[in-house]
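Take a look at the letters that make up each chain.
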Amino acid sequence: MVPKRGKGSGSPLLAFLLLCVLAPLLFFLARGFYTADHDYISDVPSKQVRKWRELQTLQDLKSIFSEEVLDIIASSTNDMGPFSLDNLKKNLSASWRVVGLETANTRSELNQPTTHARPEKPKVKEGRPSVGLAQWTDTPAQQSRRHLIEKRREKRAAELVKMDKEVTVKLEDAAIERSKSVESAVLGKYSIWRKEMENENGDSTVRLMRDQIIMARVYISIAKMKNKVELHQELNSRLKESQRAVGDTISDVDLHHSAHEKIKAMGQVLSKARELLYDCKLVTGKLRAMLQTADEQVRSLKKQSTFLSQLAAKTIPNGIHCLSMRLTIDYHLLPPEKRKFPRSENLENPTLYHYALFSDNVLAASVVVNSTITNAKDPSKHVFHLVTDKLNLGAMNMWFLLNPPGKATIHVENVDDFKWLNSSYCPVLRQLESSTMKEYYFKAGHPTTLSSSASNLKYRNPKYLSMLNHLRFYLPQVYPKLDKILFLDDDIVVQKDLTGLWAVDLNGKVNGAVETCGESFHRFDKYLNFSNPHIARNFDPNACGWAYGMNIFDLKEWKKKDITGIYHKWQNMNEDRVLWKLGTLPPGLMTFYGLTHALDKSWHVLGLGYNPSVDRSEIENAAVVHYNGNMKPWLEIAMTKYRSYWTKYVKYNHPYLRNCKLHE
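Residues numbered from 1 in each chain as written. Predicted model: local features only at pLDDT ≥ 70, side-chain atom pairs only at ≥ 80, totals over all residues. Heavy atoms only, no water.

## Focus: helix H9 (residues 259-277)
At step 1: Its 19 residues give H9 an end-to-end C-alpha distance of 26 Å, which sits within 8% of 27 Å, the value for a rise of 1.5 Å per residue.
At step 2: The set of residues buried in H9 consists of Ala-259, Ile-263, Ala-265, Met-266, Val-269, Leu-270, Ala-273 and Leu-277. Relative to the axis of H9, the buried residues are bounded by an arc of 165° and lie together on one face. More than 90 degrees from the buried face of H9, the exposed residues found are His-260, Glu-261, Lys-264, Gln-268 and Glu-275.
At step 3: Lining the buried residues of H9 we find helix H7 (204-225) and helix H8 (229-246). (Helix = DSSP H or I, 4+ residues; strand = E, 2+ residues; numbered from the N terminus. Expected span 1.5 Å × (residues − 1). Buried < 20%, exposed > 50% of the residue type's maximum accessible area, 1.4 Å probe, protein only. Arc of directions from axis to C-beta. Contact = heavy atoms within 4.5 Å.)

## Considerations on the pattern of salt bridges
At step 1: Applying the stated rule across the entire model yields ten salt bridges.
At step 2: The salt bridge involving Lys-561 is made with Glu-557; its shortest N-O contact spans 2.7 Å. In this pair, Lys-561 and Glu-557 both sit in helix H20 (residues 555-561), four residues apart, roughly one turn of the helix.
At step 3: Look at Lys-561 and you get partly exposed, because its relative accessible area is 31%.
At step 4: Under the relative-accessibility criterion, Glu-557 is labelled buried at 15%.
At step 5: Through salt bridges that share partners, Glu-557, Lys-560 and Lys-561 make up one connected network. (Salt bridge = Lys/Arg side-chain N within 4 Å of Asp/Glu carboxyl O.)

## Things to note about the confidence of the model for the protein chain
Predicted coordinates in regions of low pLDDT should not be interpreted in detail.
At step 1: Per-residue pLDDT for the protein chain averages 78, and the proportion of residues at 70 or more is 71%.
At step 2: Counting contacts from residues 78-135, a segment whose pLDDT is below 50, to residues more than four positions away or on other chains yields 42 contacts.
At step 3: Long-range and interchain partners of residues 444-455, a stretch whose pLDDT sits below 50, account for twelve contacts in this model, where long-range means more than four residues apart. (pLDDT = per-residue confidence, 0-100.)

## What about the nonpolar core?
At step 1: By size, the foremost hydrophobic cluster in this structure holds 62 residues, and its most contacted members are Leu-323, Leu-486, Leu-498 and Trp-646.
At step 2: Of the residues forming this core, the biggest block, eight residues, is contributed by helix H12 (residues 362-374).
At step 3: Setting aside anything within four residues of it in sequence, one finds Leu-486 in contact with His-354, Tyr-355, Ala-356, Leu-498, Leu-501, Trp-502, Met-550, Asn-551 and Ile-552.
At step 4: Among the nonpolar cores identified, the runner-up in size contains 43 residues, and Phe-358, Phe-418, Tyr-479 and Tyr-567 belong to it. (Core = buried A, V, L, I, M, F, W, Y, C linked by side-chain atoms within 4.5 Å.)

## Examining the sheet that holds strand E2 (residues 382-388)
At step 1: Taken in spatial order, the seven strands line up as E3-E2-E1-E4-E7-E6-E8 in an open sheet, and their pairing is mixed. Each edge of the open sheet is held by one strand with a lone partner, namely strand E3 (409-414) and strand E8 (596-598). Pairs of neighbouring strands in the sheet enclose a mean axial angle of 25°, with direction left out of account.
At step 2: Bridge count for strand E4 (residues 484-488) against strand E7 (residues 550-554) is five bridges, and the pairing is antiparallel. (Pairing = 2+ DSSP bridges. Axes fitted to C-alpha atoms, helices over the stretch in contact; angles between N-to-C directions.)

## Regarding the pairing of E4
At step 1: Counting buried positions along E4 yields four of five residues, so the element is predominantly enclosed.
At step 2: Direction of pairing for strand E1 (residues 353-358) relative to E4: parallel, over a ladder of three bridges. Paired with Tyr-355 across the two strands is Leu-486, which belongs to E4.

## Some details on the pairing of E2
At step 1: For E2, the tally of buried residues reaches seven of seven residues, placing the bulk of the element in the interior.
At step 2: Here E2 shows two buried faces, one formed by His-382, Phe-384, Leu-386 and Thr-388 and the other by Val-383, His-385 and Val-387.
At step 3: Each parallel crossover has a hand, and the one from E1 via H12 to E2 is right-handed.
At step 4: Of the strand pairs in this sheet, E2 and E3 are connected by six bridges, and their pairing is parallel. Looking at E3, one finds that His-385 is bridged to His-411. (Right-handed = clockwise from strand over helix to strand, strands pointing away.)

## Considering unusual backbone geometry
At step 1: In the Ramachandran plot, Asp-562 falls in the positive-phi region, its phi being about 50° despite a non-glycine side chain.
At step 2: Under the relative-accessibility criterion, Asp-562 is labelled partly exposed at 45%.
At step 3: One non-glycine residue, Lys-661, adopts positive backbone phi at about 60°.
At step 4: Mapped onto the secondary structure, Lys-661 falls in the segment after helix H25 (655-659).
At step 5: Overall, Lys-661 belongs to the exposed group, its relative accessible area being 68%.

Structure, rendered in structure tokens:
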């Protein structure tokens, strides 16, 4: 018996047969559809992907290449079709080209097999415009855009070149300015090959150690205040070690090799102290107190320096004192007939060139006379009138008897032999005898400490007590038969023939001198008290000052205008020193006010006794150089850079100088 099949039993078989028939049909239809419309279906997605990839590539290129290269890439892509490395190679600047690259690429292209070349044929779909060929054709707009890009690239390149040139010029100018600021004295003292010159901060370690020392002192004080005994002792110990290591060192190369260990040890102690003791208010207060103390010390040292420099200027070196004593002894051993100078008949001859020199320094006076004669065209026409004090009279005479100035005439006098120069005639002598002046100079309890006014120390120089300093106001009385005379200080050096000064027309004035004023200094208000009505009424505060040291005086005009009488008038009014301080320049400015003829500055260059920046060319071209100031050339405090102008006229090989150990 055959069982009956259900109605749905043939459904699976029917479905299987249907699948076998329809599957091939669908496959062939899909293949044909794909083959016919492949370009149309895939056209839009592929363009979007390509554009996205181009944008991503350009984003990456911006982070790699410069703006100039990106301009080339953009112009090649937008205006000349697809981007080509060949275009990049041709348009790159010289700095981007690699020698031999084109040759290598050409060879590689020739060596490639032809089977790999797959030229693409443009496929044009019906109903769609062709864009492949149009991309290689330049429209006027594209050409214009490309020209603009090229111009912009050229402009950018020119700007870069200009910027490079400007930067180079600025660097050169800065280097020149730095070279100008380097002093020759510094170059002479230090060598660029020294180790500390390798680092512009050659004292950084020294400064670090000094900073540690400062902080250690702060914490020592706080530790003592807070009764931290152990920390106080440890800080003290490290402080002493650091102080010994630093000492007077100013450069890292001069530090001991153990300095870094001491820095490390001090740093550890300071860190410990900071953790235990740091209090912002306390530390600030201690630092402020230390700063005030340091400021007071600086002011005190400045006063001490001023005091010591003034003291050094007043002293006479042992060698010069020895020279004066030896010459004086030998002079008094000479018989009277050998104490006379020759050619005494020239002393009152007004046709000769006469010099007035007032000094108590034998060596300085010898340099003045020797330098003048050495540079004189005709020494036989020069006459030197030398005046000294009683103490140095024998030494002066003996020196010039042993060392006569060639064919020139010289005469030495004692200021105490001028009997007319007494207190009844001379206001200065009368004032020096007054009780107030004696108290000012000689009072036993007079303060000589630095607490007194250090600025007034120079006015207490003993030279202001000597009549040798005031004798310049009595030239017609000392030399009544002369018409003109050249006054010289004993701290000058003559470098040229001075006879031309006698030919200078003073235009009816008495004094020929070099002016010393600048824009705001060395004017009358610096020397005189213009708060006094007598000064304010008679003088211009902006009037230009002039210098003593080399002055040509017309003695005939001096007598006509009664210069000595004018000097006496002002000196009498200044008995209580309210018009000016002590000295001879202020009364000289007042006495010769309106009566001074300005000489050319090359006749007289000043400042070699205090100014370290006098121009060397001015010194070498000057007729007279003047060591005015405290740093006289015969003192140890003299500036060495200027000393050679003076020492060249000192006879260091002379037996007297060698016996007194006077040498360069």
